[in-house]
Structure formats: structure tokens, C-alpha cells
Amino acid sequence: MPTRAIIELANTCNLDCPMCRVGQHGVNFNRVMPLATFRRIADEFFSDFTEVRLNGLGESTLIPDFDRYLDILASYPINVELITNGTGPERLYRRMVDSGATLLFSWDAATPELFATLRRPAALHDVRAIVQSVASHAAAAGRSQLLHLLFTLLPANIHELAAVVALAADMGIPTLVVNVAKLPDDQWMERRADDCLQAFTDADDAATRCGVRLFLPDTFAQRAVSLPSASPTAATRCDRPWREIVIRWDLDVQVCNMFNPYTYGNLSRAPLRSIWEGAFADAFRQNFKGPACHPYCRGCAYIGDVYARKQG
């Protein structure tokens, strides 16, 4: 059975980011996992999990009774993570810090203009005020290590990566993790490889100057990234199909936290164990590193074990 679960509580968002577009039609609370369903999942499966990440194609903190979901999580001895766009109520973030949860704030730009384009209609000043206040709260509690920025590399923001490293330091966020966007144009990385590798070098230098722990992919567009901040990606080695699952808001069970669309099954039709050990999951694993590997997995830049790397 998996030991880690990514649970999508909300498949709706208050932002319309161009690389996602889940929020293009506004917030729709009909696309939220009901509290009763989440409680049933917890009762049935959380004893098997060591980690639960609240993450998906949407913003969990929009849910009006999100506190009640946190109450359920608090009753289990598991590590909790949240990926958020940073627009949620500050008190929720503070509560999660106080409980020892890890928070990853999605942050893709350093200038107000690009931030507004990539995180529309959010304003950098407003989101920064929330995140910086949470960082101050975490620092006062001696828990700054729980906070991270998650930067999704896109053609539009390559040149701002180093500035986001400096911004993380200014806000009191000690860690920045770089993810690479999967776009319909899958050749963009090859075309912009030189620009991206230079941006990685500049960001690595900035991280050294600012004292930020930076995680860069160790390969990009099939080229090695030989920098102190480079870490092994799933393209180098990946154990996610044997360790984790994604439970979508509609109970589809999928492969991994990078939201590979391949589906093992649905919890409304079969129990988790039979899905995890079923033919669709087995076929995915059997073909994982071979010529029939799912195309979504090729060149994956997911960086695992971020929290395991020692400080310093």
C-alpha cells in the first residue's frame, strides 16, 4: 500500500493562472470533495499513510469549512503538507504552522507586472503581505523550516528566478523549490535550454549570497545541471508509483504529485487496495522505465526528498 497520499480537496480556484486555467470560470464549490468523503477516506486509509499533501488543480483554502478538514487531519499522526497560492486566510496558515505542517507557497514571479500576469488577478503586494506575516509567525515559533516557495519555471519567468530567490530571503522563506511546467508545447525546454541553464546559474549564485536553500533539477532538456543546488529529479530516479497516490476530488486515483492523468481506478467503484494492486496500476509500473512508459513521465523534473536534505 502507498505511504503517501496527495488529496485534491478542491478542483476550483480563485486565480486563473495561464499554465493551469482551472480558475478561468471562477470558483465552483460543486467541485469540492465533501467533508464526509474526506472523513471516510481518513477513517479507511490514514492509518496506512505517513504523509498527506493537500494539493491539486485548485485552492484548498477556498473551502468555507477548511478548518474541519484540518481537524480531521489533526487526529492522525501523519505529516501534513499544503500547496497554496498564498491568498488564503492568514489564520489558516498560522494554524497549520502551529500544528507542524509544511507549507509550500506557489510563487512564479518577482515583479508585480509578471506576477499579475501569471497569478491573475492576484497582486504581488497583497500576497507578499500574507506570506511575509506567516513567515514572521513561523520564525517566532522557531518553525521557519516549514515554509517553502514553489517556483514553476515557464518561458515567461525564466529571467526572474534569481530575483525570486532574493525575494524568498527578504520574506523570511528559507527554501525555494523549482518545478518545471508541463506545457502543450513540449519543445519549449529545448528551445530555451541555454536561457534556463544561465538562469539556474544566476539563481544558484543568489541562493549562496542570500542563504536560501535552492532546489534545482539536475537535468534540463537532457542536459546536466552541475550546480551545488541541483538535486536528482524523477527523470533520474523515481519511486513515486510504488510509494504514493493522488486521490482527486471526484475519487479518481492517479499516479503521482505531478498529476499524471493516468488513472488507476475510482474509490467509488473499488477499494483502495484492489486499485493499488489492480491491473491498471500494475501495467503502469511494469512499463514505467521501458519504451512503453507513459509520455507524461518522460523528462519529469520533480525533485523528491526535498525535506530530507540536510540544512546548510
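For the structure itself, consult the block above.
Just so it is clear, the model here is predicted, and its values are computed rather than measured.

A. Spatial organisation of the side chain of Glu51. You can see Glu51 is positioned in strand E2 (residues 51–54). A relative accessible area of 18% means that Glu51 is categorised as buried. In this structure the side chain of Glu51 is engaged in a polar contact, spanning 2.7 Å, whose partner is the side chain of Arg4.

B. The arrangement of the pattern of salt bridges in detail. Per the stated rule, a full pass over the model turns up 20 salt bridges. A salt bridge links Asp194 to Arg223; the nearest nitrogen and oxygen atoms lie 2.9 Å apart. Within this pair, whereas Asp194 is found in helix H8 (residues 193–210), its partner Arg223 is found in strand E9 (residues 223–224), the two being separated by 29 residues in sequence. Note on Asp194: relative accessible area 54%, which makes it exposed. Owing to a relative accessible area of 37%, Arg223 belongs among the partly exposed residues under this scheme. Linking Arg240 and Glu244 is a salt bridge whose minimum nitrogen-to-oxygen distance equals 3.3 Å. Each member of the pair, Arg240 together with Glu244, is buried. Put simply, Arg4, Glu51, Arg53, Glu81, Asp239, Arg240, Arg243 and Glu244 are held in one network by salt bridges that share partners.

C. Representation of unusual backbone geometry. The omega torsion across Arg120 and Pro121 is 0°, close enough to zero to call that bond cis. Within the fold, Pro121 resides in the loop between helix H4 (112–118) and helix H5 (124–140). Unlike most non-glycine residues, Arg21 shows phi in positive territory, near 70°. With respect to the helices, strands and loops of the structure, Arg21 is situated in the loop between strand E1 (4–7) and helix H1 (35–45). For Phe259, which is not glycine, the phi dihedral falls at a positive 60°. With respect to the secondary-structure elements, Phe259 resides in the loop between strand E12 (252–254) and strand E13 (263–266). Exposure remark for Phe259: the relative accessible area of 12% places this residue in the buried category.

D. Summary view of the sheet that holds strand E3 (residues 79–84). A sheet is described by the order of its strands in space; here 11 strands give the open sequence E10-E7-E6-E5-E4-E3-E2-E1-E11-E12-E13, paired in mixed fashion. A strand with exactly one partner marks an edge of an open sheet, and here the two such strands are strand E10 (230–231) and E13. Where E2 and E3 come together, 4 bridges link them in parallel fashion. The residue bridging Val52 from the neighbouring strand is Val80, located in E3. Across the sheet, helix H2 (residues 66–74) touches E2 and E3, and the angle it forms with E2 is around 170°.

E. Structural detail: the packing of helix H3 (residues 90–99) against H5. Where H3 meets H5, the axes come as close as 10 Å, and the angle between the chain directions of the two elements is 30°. Comparing the axis directions of H3 and H5 gives the class roughly parallel. The handedness of the crossing between H3 and H5 is right-handed. Facing H3, whose interface residues are Glu90, Tyr93, Arg94, Val97 and Asp98, H5 presents Ile130, Ser133, Val134, His137 and Ala138.

F. Region of the structure containing the side chain of Thr12. If you trace the backbone, Thr12 turns up in the loop between E1 and H1. From its side chain, Thr12 meets the backbone nitrogen of Asn28 in a polar contact 2.7 Å long. Setting aside its immediate chain neighbours within four residues, Thr12 contacts Val22, Gly26, Val27, Asn28, Arg31, Val32, Leu57, Gly58, Glu59 and Leu62.

G. Fine view of the pairing of E2. Of the two faces of E2, the one holding Glu51 and Arg53 and the one holding Val52 and Leu54 are both buried throughout. Of the pairings in the sheet, the one linking E1 to E2 comprises 4 bridges and is parallel in character. By the bridge assignment, Ile6 is partnered in E2 with Arg53. Following the backbone out of E2, through H2 and into the adjacent parallel E3, one traces a crossover that is right-handed.

H. Representation of H1. Along H1, the residues that are buried comprise Leu35, Thr37, Phe38, Ile41, Ala42 and Phe45. For H1, the arc enclosing every buried residue in end-on projection is 160°, short of the 170-degree limit, so these residues lie on one face. Opposite the buried face of H1, by more than 90 degrees, sit the exposed residues Ala36 and Asp43. Taken together, the buried residues of H1 touch E1, H2, strand E11 (244–247) and helix H10 (272–276).

I. Main features of the state of the cysteines. Using the criterion set out here, one finds 0 disulfides in the structure. Looking at the unpaired Cys13, the closest cysteine sulfur is the one in Cys17, lying at 5.9 Å. As a non-bridged cysteine, Cys256 has Cys297 as the owner of its nearest cysteine sulfur, 6.2 Å distant. The exposure class of Cys256 is buried, given its relative accessible area of 12%.

Procedures and definitions
- Residues numbered from 1 in each chain as written.
- Predicted model: local features only at pLDDT ≥ 70, side-chain atom pairs only at ≥ 80, totals over all residues.
- Heavy atoms only, no water.
- Helix = DSSP H or I, 4+ residues; strand = E, 2+ residues; numbered from the N terminus.
- Buried < 20%, exposed > 50% of the residue type's maximum accessible area, 1.4 Å probe, protein only.
- Polar contact = N/O pair within 3.5 Å; in protein donor to acceptor, adjacent residues only side chain to side chain.
- Salt bridge = Lys/Arg side-chain N within 4 Å of Asp/Glu carboxyl O.
- Pairing = 2+ DSSP bridges.
- Contact = heavy atoms within 4.5 Å.
- Axes fitted to C-alpha atoms, helices over the stretch in contact; angles between N-to-C directions.
- Parallel < 35°, antiparallel > 145°, perpendicular 65-115°, else oblique.
- Left-handed = near helix turned anticlockwise from the far one by under 90°.
- Right-handed = clockwise from strand over helix to strand, strands pointing away.
- Arc of directions from axis to C-beta.
- Disulfide = S-S within 2.5 Å.

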